[in-house]
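Single-letter residue listing:
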Amino acid sequence: MIVVILPTIYDFKHVLMVLNYIWIAFFIIAFIVATLRLLVMGDMDVFPQIMQSTFDSSKTAFEISLGLTGVLSLWLGIMKIGEKSGVVNWFARVMSPLFCRLFPDIPKGHPVTGSIFMNLSANMLGLDNAATPLGLKAMQELQELNHDKKTASNPMIMFLVLNTSGLTIIPIGIMVYRAQLGAAMPTDVFVPILLATFFSTLAGIVAVSVYQRINLLNRTIMLFLGGISAIVAGIIYAISQIPKDQINNCSTAAANILLFAIIISFIMAGIRKKTNVYDAFIEGAKEGFNTAIRIIPYLIAILVGIGVFRASGAMDFIIDGVEALVKACGLDTDFVAALPTALMKPLSGSGARGLMVDAMTTFGADSFVGRLSCVFQGSTDTTFYILAVYFGSVGVVKTRHAVPCGLIADAAGIIASVFICYLFFG
């Protein structure tokens, strides 16, 4: 156990160092830009604006964290019912035929398949607390099958790319933040996120399969991926046939029906398994309360850093530069202001979350930029964080094609998010 934990802590510290450098950069760049504005442009208000932003951002962060407590407790309580009622195990059984084809190097019937299925199922249901220990256990077992202990094996890479692609059925955190920041319909991004994360995961699977020469024309794989692709194509076609002014209402209604159906199915599964549903909910709700309190200092730190960066004008310089480039290519520029969230996500989940909150605070939770930043946040996962922690847990130093495949999945999720948001909210 010590052998596993120490490398994990070591690499986790390195990931935190990346966030440390990003946070420091926010302040240093803000100071340089503000100084130039003062000396060159004679802007006497820039430093007062920066200091005011620190107070406003810290107050906003605390208010958001406090407001998260109730909704987060509710959803983590619901998730705990799903976990204890066996929904995760059910997902594992359903997905088993597909994953057996995607991991051909794993001996049939090996215990690691159970850990992989459980981890990915927990991720899809948004059960992060359950997913991480299951993922570390799966990496341990995959390392036992690995002939070169310092080099990532094919099954390890496929497993991690599936994690980094961020396939999530229920994006609880994003909907909670939208509710707290005053979105009229916090669930209106549910269907767009579901579609975007599908394209991210599909791209990751295809990329790894090409590298590892996995036959994607296999009947089982074609049935699973073809069937899901057909459903996604049907949703996109149906949305494209709806008048623009009705798309938001229709997608929100569909999302709410689906979410409530999930809640009912979790409760019914708990009843069927004779689980004390109420106690399970209370247990999960306590975790939600603790989580909401625990994130206060992290949210304050990142929002103050972003607030200083924006108040100095540095954020505007970057966005204006990218906007000019996009405009020169003859493309619409409405999506540019949300790009910081997409570019930060592979590096830092908390950094991207802060930029998402900043976008909703600045432009409005129901603005195109605010919604797109939420879809960016939900379409992929923190690629470098996941690779560092999971590979570090087993001492792998040669990652082979894990990074490029993970970034291909990220790029697919970002591009898909832009097109899907124009379809739903443009």
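Residues numbered from 1 in each chain as written. Predicted model: local features only at pLDDT ≥ 70, side-chain atom pairs only at ≥ 80, totals over all residues. Heavy atoms only, no water.

We now examine the pattern of salt bridges. Across all of its chains, the model carries 8 salt bridges by this definition. Note that glutamate 283 is salt-bridged to lysine 80, the shortest N-O span being 4.0 Å. Here lysine 80 lies in helix α2 (residues 46–84) and glutamate 283 lies in helix α11 (residues 277–294), a separation of 203 residues in the sequence. For arginine 178, the salt bridge is made with aspartate 366, and the minimal N-O distance between the two is 3.0 Å. Of this pair, arginine 178 sits in helix α7 (residues 172–180) while aspartate 366 sits in the loop between α15 (349–363) and α16 (368–379), and the two are 188 residues apart along the sequence. With relative accessibility at 30%, the residue aspartate 366 sits in the partly exposed group. Taken together, the shared-partner salt bridges in this structure form one network comprising Arg178, Asp188, Asp366 and Arg371. (Salt bridge = Lys/Arg side-chain N within 4 Å of Asp/Glu carboxyl O. Helix = DSSP H or I, 4+ residues; strand = E, 2+ residues; numbered from the N terminus. Buried < 20%, exposed > 50% of the residue type's maximum accessible area, 1.4 Å probe, protein only.)

The subject of this paragraph is helix α9 (residues 219–241). In an α-helix, one turn spans 3.6 residues; hence positions three or four apart end up facing the same way. Compared with the 33 Å implied by 1.5 Å per residue over 23 residues, the 32 Å span of α9 between its first and last C-alpha is a close match. Listed in full, the buried residues belonging to α9 are Thr220, Ile221, Leu225, Val232 and Ile239. Where α9 begins, one side-chain oxygen reaches toward the backbone nitrogen of threonine 220, 2.9 Å away; that side chain belongs to asparagine 218. (Expected span 1.5 Å × (residues − 1). Polar contact = N/O pair within 3.5 Å; in protein donor to acceptor, adjacent residues only side chain to side chain.)

Between helix α6 (residues 154–164) and helix α17 (residues 383–392), the shortest axis-to-axis distance is 9 Å and the interhelical angle comes to 140°. Judged by the inter-axis angle, α6 sits oblique to α17. The hand of the α6/α17 crossing is right-handed. Seen from α6, the contacting residues are Met156, Phe159, Leu160, Asn163 and Thr164; seen from α17, they are Thr383, Ile386, Leu387, Tyr390 and Phe391. Taken together, the residues of the contact of α6 with α17 break down into 7 nonpolar, 3 polar and no charged. (Axes fitted to C-alpha atoms, helices over the stretch in contact; angles between N-to-C directions. Parallel < 35°, antiparallel > 145°, perpendicular 65-115°, else oblique. Left-handed = near helix turned anticlockwise from the far one by under 90°. Contact = heavy atoms within 4.5 Å. Nonpolar A, V, L, I, M, F, W, Y, C, P; charged D, E, K, R; others polar.)

Below, the discussion takes up the confidence of the model for the protein chain. Should pLDDT be low for a region, the predicted coordinates there are not to be read in detail. Of all residues in the protein chain, 90% have pLDDT values of 70 or greater, and the mean over the chain is 82. The least confident element of the protein chain is helix α1 (residues 2–40), whose mean pLDDT is 68; the most confident is α16, at 93. Confidence over residues 1–12 falls short of pLDDT 50; this stretch has 13 contacts with residues more than four positions distant or in other chains. (pLDDT = per-residue confidence, 0-100.)

Right, let's get into the packing of aromatic side chains. Throughout the structure, instances matching the rule amount to 7 aromatic pairs. Residues phenylalanine 198 and phenylalanine 199 carry aromatic rings whose centres are separated by 5.4 Å and whose planes lie at 65° to one another, so their mutual orientation is edge-to-face. Given the relative accessible area of 30%, phenylalanine 199 is considered partly exposed. (Phe/Tyr/Trp six-rings, centres within 6.5 Å; stacked < 30°, edge-to-face > 60°.)

The subject of this paragraph is empty space enclosed by the protein. In this structure the tally under the stated criterion is 1 cavity of 30 Å³ or more. Roughly 40 Å³ of internal volume is contained in the largest cavity. Taken together, Arg310, Ala337, Ala338, Pro340, Thr341, Leu355, Asp358 and Ala359 make up the lining of the largest cavity. Within the residue set of the lining of the largest cavity, elements represented by two or more residues are α14 (339–344) and α15. No other element matches the 3 residues that α15 contributes to the lining of the largest cavity. The residue inventory of the lining of the largest cavity, partitioned by class, reads 5 nonpolar, 1 polar and 2 charged. (1 Å grid on protein atoms, 1.4 Å probe; cavity = no way out; pocket = protein on both sides within 12 Å on 5 of 7 lines; lining within 4 Å. Points joined across faces, edges and corners; volume = space filled by probe spheres on them.)

Time to look at the side chain of serine 165. By the element assignment, serine 165 lies in the loop between α6 and α7. Residue serine 165 is classed as buried on the basis of its relative accessible area of 0%. Separated by 3.1 Å, the side chains of serine 165 and threonine 201 make a polar contact. Those residues in contact with serine 165 that sit more than four places away from it in its chain are Thr197, Ser200, Thr201, Ser379, Thr380, Asp381 and Ala409.

Now for α6. Within α6, 11 of the 11 residues are buried, leaving the element largely enclosed by the surrounding structure. Where α6 ends, the next residue or the one after it, glycine 166, has phi of about 75°, a positive value.

Its identity as a non-glycine residue notwithstanding, arginine 213 has a phi of 55°, on the positive side. When you line up the elements, arginine 213 lands in the loop between α8 (190–212) and α9. For arginine 400, which is not a glycine, the phi torsion comes out positive at approximately 50°. If you trace the backbone, arginine 400 turns up in the loop between α17 and α18 (402–425).

This part takes up the packing of α17 against α18. Interhelical geometry of α17 versus α18 gives an angle of 145° and a closest axis separation of 10 Å. You can see that α17 and α18 cross each other, and the crossing is right-handed. From α17, Thr383, Phe384, Leu387 and Phe391 reach across to α18, where they touch Ala402, Val403, Gly406, Leu407 and Asp410. For the contact of α17 with α18, the per-class residue count stands at 6 nonpolar, 2 polar and 1 charged.

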